[in-house]
Amino acid sequence: MNIRNLKSELAFMGRIGLLALQSLWAYKIRSLFVIISISLGIASLTVIIAAHDGANQKAEELTESFGPDAVLVIGGDIFTRPVGQRMLTLSWNDLMQIKRSLPGTYLVVPLGTVRGKKVRYKNKSWDVAVVIGTSANYSKAWNWPLKSGRDLTQEDITRGLRVCLVGEAVSKALFTKKESPISKTIFIDSIPLTIVGELTHRGFTGGSGVSIDDRIIVPLTTLAQRFGANRQYFIGLRIKFLDAKNMQTNVDNLTSFLRHLHKIPSGEPNDFTILSAKEVQEFLAALKGGLTIFLGITAVTAMIVGGFVLANLFYLSVSERTVEIGLKRAIGATKGAIIRQFLLEAVLLTIIGGIIGVAMGITLARVLFIFQLIKIQLSLKIFLTALGAAMAVGIIFGLGPARQAAELDPIRALRGDM
């Protein structure tokens, strides 16, 4: 008996579904307005979910690559920058004192930079984003594995050898896919450099839109001797600690130690900035939150507008279809059947809008990713959430018109009276 009832109910729903599709096709222009309104909201929702998941993945990747046991010390206070404060405040003395006297450190690597350099190899040239000067163990300090070759050594630094590591962007610009850059000689400002190592793909993009893979790494002594970098000061220090679980304590100790070395009076601001994985996560969380709020408001607004459009058009549809509704009631259609038909029409419209919106959202998200504005992460969750939201809009905003249609008096409806 239950199976028979189920088959009967399915057949009944199928007939209602067919009637709903016929009604939607009969009012194509109105249906199109609803679909467009809903699709815009769902597109925004799709971008939100894709960007949110992508931001989470990016945060994990950045935290892992930055290192939970490491900090980056930058010269100058990059957040407040008091008037007149110089940015080159980190010296060789700071580096040596930290190595010698600060407990818990096991790796201290300096960083110097020069920009605006053109690198050449045979008949190819490339405007490299940055040339970085550093000490031994650059790859280890930055948790950046080598694709091939070796890292810089202490001998490279001591002797100021003309050797370098290259990022993937530089390697792709100067060499073919089948050609290994190792042991090749490139030229920067007519100065020959032998490539001893190639860094793996990192894939991150800085705030200026420049790929982090677009770099050349040389000994800091070579940077000073050959490219005119400051011999006494450098822009940053990369420091790794033995105890990654108590990073706040490590940061506090480092802050106090540097203030002491720089003879900064109590109450005066630091002339350096310490960045850890915590700051990276907080920055990404703020960025992700702002993006989510902006797109969330857009999505909710668009879907509410779409819902009101749907409700108004369906109220108008009820007034125009009174004879149809009266005839159905007269031949035995129940109020429940009328409600289900109108709700099914509303849900079908919003689902179609939802599917189109998902396609639009994925396309928009891919465009934003191509232009490196956001990182996206596509998943089944996007499709299910979008369809769920679309169905909810259809049910919530379609229920009122459906009830109004069901409550029409059959006799008056047949006469066309409201």
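What comes next is a walk through the structure.

Scoring rules and cut-offs
Here the residue index of a chain counts from 1 through its sequence in written order. Totals for whole chains, interfaces and linings use every residue, but because this is a predicted model, local features are given only for residues with pLDDT of at least 70 and side-chain atom pairs only at 80 or more, for both listing and counting. Side-chain calculation: all heavy atoms of the structure are included, whereas hydrogens and water are not. Where helices and strands are cited, they refer to DSSP runs of H or I of at least four residues and of E of at least two residues respectively, numbered from the N terminus. When a residue's accessible area, from a 1.4 Å probe over protein chains only, is under 20% of the maximum for its type it is buried; when over 50% it is exposed; and in between it is partly exposed. Contacts are assigned to residue pairs that have any heavy atoms within 4.5 Å of one another. Accessibility throughout is a Shrake-Rupley quantity obtained with a 1.4 Å probe, and a residue counts as covered only by protein chains that appear here. Relevant arc is that of directions from the helix axis to the C-beta atoms, nothing else. Just so you know, the count uses Lys and Arg for positive and Asp and Glu for negative, and it drops His and the chain ends. Should a side-chain nitrogen of Lys or Arg be within 4 Å of a carboxyl oxygen of Asp or Glu, the pair is scored as a salt bridge. N or O atoms closer than or at 3.5 Å make up a polar contact, with two conditions inside protein: a donor-capable atom paired with an acceptor-capable one, and, for residues adjacent in sequence, both atoms drawn from side chains. Two aromatic rings from Phe, Tyr or Trp, using only the six-membered ring of Trp, form a pair when their centres are within 6.5 Å; if the ring planes differ by under 30 degrees the pair is stacked, by over 60 it is edge-to-face, and anything between is tilted. Placement of a charge over a ring requires the Lys NZ or Arg CZ to be within 6 Å of the ring centre, with the centre-to-atom vector within 35 degrees of the ring normal.

Once that is clear, we can look at the overall build of the protein. Looking only at helices and strands, the protein features 13 helices and 14 strands. Of all 418 residues assigned to the protein, the portion counted as buried reaches 46%. Residue pairs at least 24 apart in sequence account for 78% of intrachain contacts in the protein once pairs closer than 6 positions are excluded. Accessible surface, the protein as shown: approximately 21,500 Å² in total, 62% of it carbon and sulfur.

Right, let's get into helix 10 (residues 322-330). All of the buried residues in helix 10 are Thr322, Ile325, Gly326, Lys328 and Arg329. For helix 10, the angular spread of the buried residues around the axis is 160 degrees, confining them to a single face. Directly beyond the C-terminal end of helix 10, a positive phi value near 115 degrees is found at Gly332.

Glycine aside, negative phi is the norm for most residues, and most peptide bonds take the trans geometry. A positive phi angle, near 50 degrees, is found at Asn143, a position not held by glycine. Locating Asn143 in the fold gives a position in the loop between helix 4 (138-141) and strand 7 (146-149). Among the residues examined, Asn143 registers a relative accessible area of 27% and is labelled partly exposed. Although it is not a glycine, Lys263 sits at a positive phi angle of roughly 55 degrees. Take Lys263: it is sitting in the loop between helix 8 (247-261) and strand 14 (272-276).

Next up on the list: the side chain of Asp214. If you trace the backbone, Asp214 turns up in the loop between strand 10 (191-199) and strand 11 (215-219). With no salt bridge to any partner, buried Asp214 finds its closest opposite charge in Arg215, at an N-O distance of 8.0 Å. A distance of 3.4 Å separates the side chain of Asp214 from the backbone nitrogen of Ala129, its partner in a polar contact. Residues contacting Asp214, with those up to four places away along its chain left out, are Trp126, Asp127, Val128, Ala129, Val130, Ala169 and Val170.

Using the criterion set out here, one finds seven salt bridges in the structure. Notably, a salt bridge pairs Asp189 with Lys117, separated by 2.5 Å at the nearest N-O pair. With Asp189 in the loop between strand 9 (185-188) and strand 10 and Lys117 in strand 4 (residues 117-121), the pair connects residues that are 72 residues apart, well separated along the chain. Exposure remark for Asp189: the relative accessible area of 40% places this residue in the partly exposed category. On the basis of relative accessibility, which here comes to 16%, the residue Lys117 falls in the buried class. For Glu407, the salt bridge is made with Lys335, and the minimal N-O distance between the two is 3.3 Å. Here Lys335 lies in helix 11 (residues 335-370) and Glu407 lies in the loop between helix 12 (380-406) and helix 13 (410-414), a separation of 72 residues in the sequence. Residue classification places Glu407 among the exposed positions, given a relative accessible area of 55%. Judged by its relative accessible area of 38%, Lys335 is partly exposed.

Going through the model one piece at a time under the given rule, you end up with five aromatic pairs. A centroid spacing of 6.5 Å and a plane angle of 35 degrees characterise the contact between Tyr138 and Trp144, whose relative ring orientation is tilted. We note that Tyr138, like Trp144, is buried. Taking 5.4 Å as the distance between ring centres and 65 degrees as the angle between the ring planes, the aromatic pair formed by Phe308 and Phe397 counts as edge-to-face. Of this pair, Phe308 sits in helix 9 (residues 277-320) while Phe397 is found in helix 12, placing the two residues 89 residues apart along the sequence. Residue Phe308 is classed as partly exposed on the basis of its relative accessible area, which comes to 49%. Its guanidinium or amino end placed over the ring of Trp142, Arg238 lies 4.1 Å from that ring's centre, counting from NZ or CZ.

Fair warning: the whole summary comes from geometry, so function is off the table for now.
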